[in-house]
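# Residue-level structural notes
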Amino acid sequence: MNRAYYSSSISNFCTQEPDQILGQMTREHSFDLNGLQRDAWIKQTQLLKDALFNQCGRIYFEFSIPRMGRRIDAVVILSSVVFVIEFKVGAISYGSADLDQVMDYALDLRNFHEGSHHVALAPILVATKALDSDFFPNEVPEDGIFSPIRCNAISLLDVMTAVGALYPEGFLDYDVWERSGYKPTPTIIEATLALYNGHSVRDISRNDANTFNLSRTSGSVAKIIEKSKAESEKSIIFVTGVPGAGKTLVGLDIATTHINPNDELYSVFLSGNGPLVKILQEALARDKVLRGKENGERVRKGDALSEVKAFIQNVHHFRDEGLVDLSKPPVEHVALFDEAQRAWTKHQTIKFMREKKNQPDFNQSEPEFLLSCMDRHDDWATVVCLVGGGQEINTGEAGIFEWFDAIKQAFPEWKIYLSEYLTDSEYGAGKIIEEAKSNSQVTFMPDLHLDTSARSFRSEKVSLFVKQLLDIDLISARENFAEIKDKYPIVLTRSFDVAKTWVRSQARGSERYGMVVSSQAERLKPYAIDVRVKTNPVHWFLNDKHVVRSSYYLEDVATEFDVQGLELDWVCMAWDADFRLGDKGWDHWSFRGSRWQQIRKAERQVYQKNAYRVLLTRARQGMVLVVPEGDLKDATRKPSFYDPIFNYLADIGIPVV
């Protein structure tokens, strides 16, 4: 795929007229060029011609970064250096957001573009009318990525010359670099924006021998949907996978393929994860407003929110709509349920419906009722359940048993599609699979399981390491950590100040970091961490580093309920005494009144272990674990609560900072 609107040798570029260059960019890519954009491109073209005269290399304009849904103004290759250039034509200052933006572009190339893994990357912000920066790079950075370089229209040549002088004998094969694969791993927010704006899952997901191809899973789901429509069938599809494997990405890809309400395949993405829904809706709405502004259009935030809410909905709102008229089918023929294992049990649903919704005769589990809504269609319908193992974290969450039980008891004619890998103990479905093998309505498809985590693009084995850690499989955890530690740093400390300093030092550009804790971590109050003060997840995940309520400030903390289904680049995780090590394994505690009370119900113990599984798998690039020292003077924070946890983590091999 040609990722740039324009690419050429520098010698050819310098001999072309600006109109020829503009013509190629607009003609080959059907780009709607307005006056402001035309003037900016002409200015950029002239500046680069002046800077690159008599140089040898390659130049690209509007180089695509699908993961971010953006394009780099210009990429220039000289010798062995890749210059990543962002222009702010007419700007008189160097904006911090602009500096983060150009740094983000360079980091994207380093992390996801194969040809850029080991080359020098120099991000440059050109504010054409700003004062000249007094910074000129004079040494090679350790990892080959320069800090963002500031320059104006006059000093661009001097900056590029200074960087090039640091690599006097280097050479980069432009053709090889250009043909190199792009294997991005977007955050769920980035993926939603990219898919909603027209990119395919193939554009924004990895596609290599080490990672299961998400497009294959998405394609398999699409074929089942088409078959259901063609043969007037009702079908349910279970897409399973390890944490961070891309289940939600598959669901969003299917949903965005058919977001037109006039399309008879009209689909809706549903989630019971309230914070995730609100964050994605807000992110899409903000993006629509921003894109409108960039195109000279005024888009009202309220209108944007109304539009995206039809695409991503809270599953409970969908459920309530189904109660209005029990005979009317929903407008959608395809419903995708994210984190389907979190649907409510029959007992929990009946209790809620009778107490909160004035439905005294209600007698169904949440899966059974949701299936009944889709079953109202006269012709066909498809339900896609996106299922993660070991993710149930709240009272009344059923796992996947209720879905299979509902099909068996109330909808035996529905076709069922799933993977044999659903037998993993974390899904709790081994017995179900054995029954399914004798059911003529069941079709097993291996493509419906995603077995490799892509959340951490630095190492695919992080989720396995977390499982081993939580299972107290010391030997396996120790061996696995030795393999991942160089690519995916995990460190251990007893100081919150040290932890905050470490996590801030790791992040560059707008890489997001934040502090996460268990919702039961109530004895971190002496460290100014109070889980009873609710964080606004929209502000926490979407606001920039200058906003106090954002994750960057490391003041407001997020719990497993705020972060499930989402991720950060770097995580600071605080470990309290609610989940501590005893003589026989993990002990489970809840703080009530002025003392800890032991949790004895097996179901609640599972929820708590899964809460820590969620917290430990939120980081894409690395994390710091904080285990406080406790206080001998405080009976609720005895050092004996915390020391075994710290010693166990250190024994695994996690380095102490």
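A few points on the structure. (Residues numbered from 1 in each chain as written. Predicted model: local features only at pLDDT ≥ 70, side-chain atom pairs only at ≥ 80, totals over all residues. Heavy atoms only, no water.)

## Some details on the overall build of the chain
Helix and strand counts for the chain come out as 24 helices and 21 strands. Relative to its length of 657 residues, the chain is compact, with a C-alpha radius of gyration of 27 Å against a globular reference of 26 Å. Principal-axis analysis of the C-alpha atoms gives the chain an extent of 80 × 70 × 45 Å. The proportion of buried residues among the 657 residues of the chain is 58%. Taking as baseline every contact in the chain between residues at least 6 positions apart, the subset at least 24 positions apart corresponds to 74%. For the chain, the exposed area adds up to about 28,000 Å²; of that, 48% sits on carbon and sulfur atoms. With 77 positive and 91 negative side-chain charges, the chain shows a separation of 4 Å between the mean positions of the two kinds. (Helix = DSSP H or I, 4+ residues; strand = E, 2+ residues; numbered from the N terminus. Rg over C-alpha atoms; globule rule 2.2 N^0.38 Å. Buried < 20%, exposed > 50% of the residue type's maximum accessible area, 1.4 Å probe, protein only. Contact = heavy atoms within 4.5 Å. Areas by Shrake-Rupley, 256 points an atom, 1.4 Å probe, with all protein chains shown as cover. Lys, Arg positive; Asp, Glu negative; His and termini not counted. Charge placed at Lys NZ, Arg CZ, Asp CG, Glu CD.)

## Re the side chain of Glu62
Looking at the secondary structure, you find Glu62 in strand 2 (residues 57–65). For the buried residue Glu62, which engages in no salt bridge, the nearest side chain bearing the opposite charge is Arg71, 5.1 Å off. Of note is the side chain of Glu62, whose polar atom sits 3.0 Å from the side chain of Trp41. With residues near it in sequence (within four places) discarded, Glu62 still touches Arg3, Ala4, Tyr5, Met25, Trp41, Arg71, Ile72 and Asp73. (Salt bridge = Lys/Arg side-chain N within 4 Å of Asp/Glu carboxyl O. Polar contact = N/O pair within 3.5 Å; in protein donor to acceptor, adjacent residues only side chain to side chain.)

## A look at helix 15 (residues 366–375)
For helix 15, the buried fraction is high: 9 of the 10 residues fall into the buried class. Among all positions in helix 15, only Glu366, Pro367, Glu368, Phe369, Leu370, Leu371, Ser372, Cys373 and Met374 are buried. Close packing links the buried residues of helix 15 with strand 7 (234–241), helix 13 (315–324), strand 10 (334–338), helix 14 (346–356), strand 11 (381–388) and helix 16 (401–410). Between the side-chain oxygen of the N-cap and the backbone nitrogen of Glu368 there are 3.2 Å, and the N-cap of helix 15 in question is Ser365.

## Some points on the pairing of strand 15 (residues 490–493)
Regular strands have side chains that alternate between both faces of the sheet. Burial along strand 15 is two-sided: Ile490 and Leu492 and Val491 and Thr493, pointing in opposite directions, are all buried. Of the strand pairs in this sheet, strand 15 and strand 21 (residues 619–626) are connected by 4 bridges, and their pairing is parallel. Bridge pairing in strand 21 places Ile490 opposite Met623. (Pairing = 2+ DSSP bridges.)

## Examining the sheet that holds strand 6 (residues 149–151)
On the basis of which strands lie adjacent, the open sheet formed by 6 strands has the order 1-2-3-4-5-6 and mixed pairing. In the strand order of this sheet, the two ends are held by strand 1 (4–9) and strand 6, each with one partner. Each adjacent strand pair in this sheet contributes to an overall mean axis angle of 25°, direction not counted. Where strand 3 (residues 70–78) meets strand 4 (residues 81–88), 5 bridges bridge the pair, whose relative direction is antiparallel. Residue pairing in the sheet places Val76 in a bridge with Phe83 of strand 4. (Axes fitted to C-alpha atoms, helices over the stretch in contact; angles between N-to-C directions.)

## Some details on the packing of aromatic side chains
This structure, assessed with the given rule, holds 27 aromatic pairs. On the numbers, 5.6 Å between centres and 35° between planes, the contact of Phe63 with Trp177 is tilted. Residue Phe63 is located in strand 2, and its partner Trp177 is located in helix 6 (residues 174–179); the two are separated by 114 residues in the primary sequence. The residues Phe63 and Trp177 share a single accessibility class, namely buried. A ring pair is formed by Phe337 and Trp403, whose centres lie 5.5 Å apart and whose planes are at 50°; its orientation type is tilted. Of the two residues, Phe337 is situated in strand 10 and Trp403 in helix 16; the sequence distance between them amounts to 66 residues. (Phe/Tyr/Trp six-rings, centres within 6.5 Å; stacked < 30°, edge-to-face > 60°.)

## Thoughts on helix 5 (residues 156–164)
Because each turn of an α-helix spans 3.6 residues, side chains separated by three or four positions in sequence point in the same direction. For helix 5, every residue scored as buried is listed here: Leu156, Val159, Met160, Ala162 and Val163. Down the axis of helix 5, the buried side of the element spans an arc of 160°, and every buried residue falls inside it. (Arc of directions from axis to C-beta.)

## Some words on the state of the cysteines
Per the stated rule, a full pass over the model turns up 0 disulfides. Here Cys14 is not disulfide-linked; the sulfur of Cys56 is the nearest cysteine sulfur, at 9.9 Å. Look at Cys14 and you get partly exposed, because its relative accessible area is 22%. The class of Cys56 is exposed, set by a relative accessible area of 63%. (Disulfide = S-S within 2.5 Å.)

## Considering the packing of helix 13 against helix 15
Where helix 13 meets helix 15, the axes come as close as 10 Å, and the angle between the chain directions of the two elements is 60°. With respect to helix 15, the element helix 13 is oriented oblique. Here the hand of the crossing between helix 13 and helix 15 comes out left-handed. In this structure, helix 13 uses Val315, His316, Phe318, Arg319, Gly322 and Leu323 to contact helix 15, whose residues at the interface are Glu366, Phe369, Leu370, Cys373 and Met374. (Parallel < 35°, antiparallel > 145°, perpendicular 65-115°, else oblique. Left-handed = near helix turned anticlockwise from the far one by under 90°.)

## Re the pairing of strand 16 (residues 513–517)
Counting buried residues in strand 16 gives 5 out of 5 residues, a clear majority hidden from the surface. Where burial is concerned, the two faces of strand 16 agree: the one with Tyr513, Met515 and Val517 and the one with Gly514 and Val516 are both buried. Relative to strand 17 (residues 568–574), strand 16 runs parallel, the two being bridged by 5 bridges. Bridge pairing in strand 17 links Val517 to Ala574.

## A short note on the side chain of Asp578
Relative to the helices and strands, Asp578 is located in the loop between strand 17 and strand 18 (579–582). This buried residue, Asp578, is left without a salt bridge; Arg580 holds the nearest opposite charge, at 7.5 Å. Setting aside chain neighbours within four positions, we find Asp578 in contact with Ser518, Gln520, Ala521, Asp587, His588, Trp589, Trp596, Gln608 and Tyr612.

## Quick word on the sheet that holds strand 17
In space, the 4 strands of this open sheet follow the order 15-21-17-16, with parallel pairing throughout. Whereas interior strands pair on both sides, the edge strands pair on one side only; in this sheet they are strand 15 and strand 16. Between one strand and the next, the sheet's axes are offset by a mean angle of 25°, whatever the strand orientation.

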